[in-house]
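A structural walkthrough
So the chains spell out like this:
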Amino acid sequence: TLSGSIAITADAFNNLSDTGSSLVTLLGFHIAGKPADREHPFGHGRAEYVTGMVVAFLILLVGLQLFFDALDKILHPVETDSGLPAILVLAAAILGKLLMVLFYRAVGNRIDSASLKAAMTDSISDVAAPSAVLLSVAVNGIFHLNIEGYVGALVAVLVFIAGIKALRDTLNPLLGQAPDPALVEQIKQIV
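The paragraphs below set out a description of the structure included in this document. (Residues numbered from 1 in each chain as written. Predicted model: local features only at pLDDT ≥ 70, side-chain atom pairs only at ≥ 80, totals over all residues. Heavy atoms only, no water.)

Further remarks concern the packing of aromatic side chains. Two measures describe an aromatic ring pair: the distance that separates the ring centres and the angle between the ring planes. For the structure on display, the rule yields two aromatic pairs. Where F67 meets F68, the ring centres are 6.2 Å apart and the plane angle is 70°; that geometry is what we call edge-to-face. Given the relative accessible area of 33%, F67 is considered partly exposed. Here F103 and Y104 contribute two aromatic rings whose centre-to-centre distance is 5.8 Å and whose plane-to-plane angle is 55°, an arrangement assigned as tilted. (Phe/Tyr/Trp six-rings, centres within 6.5 Å; stacked < 30°, edge-to-face > 60°. Buried < 20%, exposed > 50% of the residue type's maximum accessible area, 1.4 Å probe, protein only.)

Structure follows, in structure tokens:
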């Protein structure tokens, strides 16, 4: 807010929405870990896919919001004051999100978690957003060219694409998909 940058402010709200996504993911793990009961004889494992889908929808909403903010910035450019504090905050955000990507990827792959894989996808888009903002700050500082709105639009498209991928990755197991061919071969060898 102090910098006057809509892109930095949008990134801050994106990070706030990530907190909500993390809470949804934790809730999904809690529900998925419940044992089978009379109403759910196969257990509650698919709850994780449902929460992954919620996270994917949150990513899509953030992508749309970022796009509309960027469009407004293109139509109504405003000079921003992105000095050293803003640059340091952006650099710290990039580093933090890179660490989250690595964490979500490692744990998501180890336990084959759709929710954590969706969170990883969200974190990848979260690396792109502050990186693009940092680039636009540098271009503005060096060349006195305000490209923040255009860079924001590009980031918004990348975030939206990440949301579609995360939604597809969680919908396929919910709707039913073909079994893994390697698993089918293992079963055939046993039978």
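This paragraph deals with the pattern of salt bridges. Close approach of charged atoms lets side chains of opposite charge pair. Taken as a whole and assessed by the stated rule, the structure comprises two salt bridges. For E148, the salt bridge identified is with K73, shortest N-O distance 3.2 Å. Placement of E148 in helix 5 (residues 148-175) and of K73 in helix 2 (residues 47-75) is noted, with a sequence separation of 75 residues between them. With a relative accessible area of 7%, K73 lands in the buried category. For K188, the salt bridge goes to E185, with nearest N and O atoms at 4.0 Å. One end of the pair is K188 and the other is E185, both in helix 6 (residues 181-190) and three residues apart, which spans about a single turn. With relative accessibility at 41%, the residue E185 sits in the partly exposed group. (Salt bridge = Lys/Arg side-chain N within 4 Å of Asp/Glu carboxyl O. Helix = DSSP H or I, 4+ residues; strand = E, 2+ residues; numbered from the N terminus.)

With that settled, consider the nonpolar core. One finds I59, L66, V151, V155, V159 and A166 to be the most contacted residues of the largest nonpolar core, which totals 17 residues. Those elements that place two or more of their residues in this core are helix 2, helix 4 (114-143) and helix 5. Of all hydrophobic cores here, the second largest spans eight residues; its members include I94, V101, Y104 and M120. (Core = buried A, V, L, I, M, F, W, Y, C linked by side-chain atoms within 4.5 Å.)

In this section: the packing of helix 2 against helix 5. Where helix 2 contacts helix 5, the two axes come as close as 7 Å, and the packing angle between them is 165°. Between helix 2 and helix 5, the angle is such that the two are roughly antiparallel. As helix 2 runs across helix 5, the sense of the crossing is left-handed. (Axes fitted to C-alpha atoms, helices over the stretch in contact; angles between N-to-C directions. Parallel < 35°, antiparallel > 145°, perpendicular 65-115°, else oblique. Left-handed = near helix turned anticlockwise from the far one by under 90°.)

Another aspect to go through is a nonpolar patch on the surface. Together, L61, L64, F67, F68, L71, L75, V157 and I161 make up an exposed nonpolar region whose accessible area comes to about 740 Å². Among the secondary structure elements, those contributing two or more residues to the nonpolar patch are helix 2 and helix 5. Of the residues forming the nonpolar patch, the biggest block, six residues, is contributed by helix 2. Looking at the element boundaries, F67 is found in helix 2. (Patch = residues over 30% accessible without salt bridge, like charges linked within 9 Å, V, L, I, M, F, W, Y side chains within 5 Å. Areas by Shrake-Rupley, 256 points an atom, 1.4 Å probe, with all protein chains shown as cover.)

Before going further, it helps to spend a moment on the side chain of S113. Mapping S113 onto the fold places it in the loop between helix 3 (84-111) and helix 4. With a relative accessible area of 1%, S113 lands in the buried category. Sequence-distant contacts of S113, that is, excluding residues within four places in its chain, are made with F29, E48 and G108. (Contact = heavy atoms within 4.5 Å.)

Let us now look at the side chain of H44. Here H44 shows up in the loop between helix 1 (6-32) and helix 2. Within the structure, the side chain of H44 is placed 3.2 Å from the backbone oxygen of P35, a separation counted as a polar contact. With residues up to four places along the chain from it excluded, the contact list for H44 reads I31, A32, K34, P35 and D37. (Polar contact = N/O pair within 3.5 Å; in protein donor to acceptor, adjacent residues only side chain to side chain.)

Geometric values such as these leave the question of function open.
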